[in-house]
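# Topology and contacts: notes
Below, each chain spelled out in residue letters.
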Amino acid sequence: MSQVEPAAAAADSASTVGEVEVPRRPSPLWTFGLLRSELVITLRRWRTLALLGVLAAVPVLVGIAVKIETGDGGSVGRGGGEGPAFISQVTNNGLFLVFTALAATLPFFLPMAIGVVAGDAIAGEANAGTLRYLLVAPAGRTRLLLAKYATTMAFCLVATLVVAASAMAVGALLFPLGDLTTISGTRITFAEGLGRAALIALVVAASLVGVAALGLFVSTLTSSGIAAMATTVGLLITVQILDQIPQLHAIQPYFFSHYWLSFADLMREPVYWDDLVKNLGLQALYAAVFGSAAWARFTTKDIST
C-alpha cells in the first residue's frame, strides 16, 4: 500500500464542515462488508484449510479403525455410552460416529484449531504490518475487533460442522443407519437422531466460544502471530491437564473445558439440561470477561506498525 492510500482512505471516512473535519459513521453495509471480507480471508488461508482437513480426517480414521477392529465380529470400545464410549455403538448405527468424532476432537483438535485462528486474528495483522491500514478505514477499533471475533465464532461453527459432516458421510458408508438407542435405553427414529446430532454440533460450536475469546485477548497482547497462537494452545493444554487433577476439584467447574462433554446428555431421554446450561453459561462468562479485556487492550493499544 502506498503512502497516499491511507490518506485517501482517511479522507473518504470524513466530511468537511467549514474548516472542521467530521468523521463519518460507517454504514451497516460497510460493516457487513468488513465481516464478509474477514470471513473470506480467514477461510481461504492455507493454514485454515489445513486445519479443516485435519479435522475432517479424524472421523475417517476413527471409522476405518472401528471397521477393521470389528471386521471379524469383535467389539470395540467400552460400555457406558458417554463421551468417547459412543464408539461402542458405531457398528450398530453409523450416526453414532458423529457423536464419537465430536467427543474425540473436542478435548484438543477443535479448540486447538480455534486457538490458532483466534490467536492470529490481531497479532497476525500486526506482525504483517497491515493492522494500521485496517484502522485507517472507517471501521474503528471496536468494529474491527467485533468483526474479528465474529469471524472466529463463525470458524467455530464451520470447524464443528466439518467434523460432523465427515463423520456422517463415513458412518453412512461403513455402517448401517436406522433407528437408534439413546443412553437411557429408549428408541428414537433416525430423523430424530439427525436432529439431535445437529443440536449437538451447535452445542459443541458454542462450547468453543470461551476459547475464541481467550485467544482473541491473547492476540491483542503481542505483535507476533506465532507467539499468540502458541500461548493460546499452551493455555488450552494447561487447563485440560488441571481439569484432570483430583485435588483441584473445587475450582475445576470454573475451567472453560470442564463441561465440554456434557453434550452427551442430549442423547438421554429425557434430556439432562443441568450440565448443558452450566456449560453454555460458563462459555458466555468467558466470552464476556475476555472479550471485554480484549476490547480494553485493543482500544488503548499503540499501533505503530
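The structure under discussion appears in the preceding block.
Residues numbered from 1 in each chain as written. Predicted model: local features only at pLDDT ≥ 70, side-chain atom pairs only at ≥ 80, totals over all residues. Heavy atoms only, no water.

### Quick notes on the overall build of the protein chain
A count of helical and extended segments in the protein chain gives 11 helices and 4 strands. For the protein chain, the proportion of its 305 residues judged to be buried stands at 43%. A fraction of 74% describes how many contacts in the protein chain between residues 6 or more apart in sequence connect residues 24 or more apart. With an accessible surface of roughly 14,700 Å², the protein chain has 66% of that area assigned to carbon and sulfur atoms. (Helix = DSSP H or I, 4+ residues; strand = E, 2+ residues; numbered from the N terminus. Buried < 20%, exposed > 50% of the residue type's maximum accessible area, 1.4 Å probe, protein only. Contact = heavy atoms within 4.5 Å. Areas by Shrake-Rupley, 256 points an atom, 1.4 Å probe, with all protein chains shown as cover.)

### Some points on the packing of helix H3 (residues 46–69) against helix H7 (residues 140–174)
Between H3 and H7, the shortest axis-to-axis distance is 9 Å and the interhelical angle comes to 30°. When the interaxial angle is binned, H3 and H7 end up roughly parallel. Taken as a pair, H3 and H7 cross one another with a handedness that is right-handed. Of the residues in H7, those in contact with Thr48, Leu52, Leu55, Ala56, Pro59, Val60, Gly63, Ile64 and Lys67 of H3 are Phe155, Val158, Ala159, Val162, Val163, Ser166, Ala167, Val170 and Leu174. Considered class by class, the residues forming the contact of H3 with H7 number 14 nonpolar, 3 polar and 1 charged. (Axes fitted to C-alpha atoms, helices over the stretch in contact; angles between N-to-C directions. Parallel < 35°, antiparallel > 145°, perpendicular 65-115°, else oblique. Left-handed = near helix turned anticlockwise from the far one by under 90°. Nonpolar A, V, L, I, M, F, W, Y, C, P; charged D, E, K, R; others polar.)

### Quick notes on the packing of H7 against helix H9 (residues 209–220)
For the pair H7 and H9, interaxial distance at closest approach is 10 Å and the crossing angle is 140°. Judged on the interaxial angle alone, H9 and H7 are oblique. Remark: the crossing between H7 and H9 carries right-handed chirality. Residues Leu145, Lys148, Tyr149, Thr152, Met153 and Cys156 of H7 lie in contact with H9, whose contacting residues are Val209, Ala212, Ala213, Leu216 and Thr220. Split into classes, the residues belonging to the contact of H7 with H9 amount to 8 nonpolar, 2 polar and 1 charged.

### Considerations on the environment of Leu39
Looking at the element boundaries, Leu39 is found in helix H2 (residues 28–44). As a C-alpha pair, Leu39 and Ala150 span 111 residues in sequence and 8.8 Å in three-dimensional space. The contact partners of Leu39, leaving out residues within four places of it in the chain, are Thr151 and Ala154.

### Considering the nonpolar core
In this structure, Val98, Phe99, Ile200, Phe256 and Phe263 are the most contacted members of the largest nonpolar core, which totals 72 residues. Mapped by element, the contributors of at least two residues to this core are H3, helix H4 (96–105), helix H5 (109–128), H7, helix H8 (190–207), H9, helix H10 (225–242) and helix H11 (274–300). The biggest single contributor to this core is H7, with 11 residues. Filtering out sequence-adjacent residues up to four positions away, Phe256 remains in contact with Val211, Leu214, Leu236, Val239, Asn279, Leu282, Gln283 and Tyr286. (Core = buried A, V, L, I, M, F, W, Y, C linked by side-chain atoms within 4.5 Å.)

### Describing the packing of aromatic side chains
This structure, assessed with the given rule, holds 6 aromatic pairs. Summarising the aromatic geometry, the rings of Phe96 and Phe99 are spaced 5.6 Å apart at their centres and angled 85° between planes, so their arrangement reads as edge-to-face. Taken together, the positions of Phe96 and Phe99, both in helix H4 and 3 residues apart, correspond to about one turn of that helix. Each member of the pair, Phe96 as well as Phe99, carries the same accessibility label: buried. When the centroid spacing of 5.6 Å and the interplanar angle of 90° are considered together, the rings of Phe256 and Tyr286 count as edge-to-face. Pair noted here: Phe256 is in the loop between H10 and H11 and Tyr286 is in helix H11, with a separation of 30 residues, a long-range link. For the pair shown, Phe256 and Tyr286 are each scored as buried. Taken together, Phe217, Phe256, Trp260, Tyr286 and Phe290 form an aromatic cluster joined through their ring pairs. Here the basic side chain of Arg141 rests over the ring of Phe298, its NZ or CZ set 5.9 Å away from the ring centre. (Phe/Tyr/Trp six-rings, centres within 6.5 Å; stacked < 30°, edge-to-face > 60°. Lys NZ or Arg CZ within 6 Å of the ring centre and 35° of its normal.)

### Thoughts on the side chain of Thr100
Relative to the helices and strands, Thr100 resides in helix H4. For Thr100, the residues in contact, after removing those within four places along its chain, are Val62, Phe86, Ile87 and Val90.

### Describing H11
Here H11 is 27 residues long and its end C-alpha atoms lie 39 Å apart, about the 39 Å a rise of 1.5 Å per residue gives. All buried positions along H11 are accounted for by Leu276, Asn279, Leu282, Gln283, Tyr286, Ala287, Ala294 and Phe298. (Expected span 1.5 Å × (residues − 1).)

### Points about the environment of Gly53
Along the chain, Gly53 turns up in helix H3. Classification of Gly53 by relative accessible area gives partly exposed; the value is 39%. Through-space distance from the C-alpha of Gly53 to that of Ala159 is 9.6 Å; in sequence the pair is 106 residues apart.

### Brief notes about a nonpolar patch on the surface
On the surface, Val54, Phe108, Phe109, Ile237, Ile241 and Ile245 cluster together into a nonpolar patch covering about 460 Å² of accessible area. Inspection of the secondary structure assignment puts Ile245 in the loop between H10 and H11. (Patch = residues over 30% accessible without salt bridge, like charges linked within 9 Å, V, L, I, M, F, W, Y side chains within 5 Å. Salt bridge = Lys/Arg side-chain N within 4 Å of Asp/Glu carboxyl O.)

### Digging into unusual backbone geometry
Here Glu269 and Pro270 are connected by a cis peptide whose omega angle stands at 0°. As for its placement among the helices and strands, Pro270 is situated in the loop between H10 and H11.

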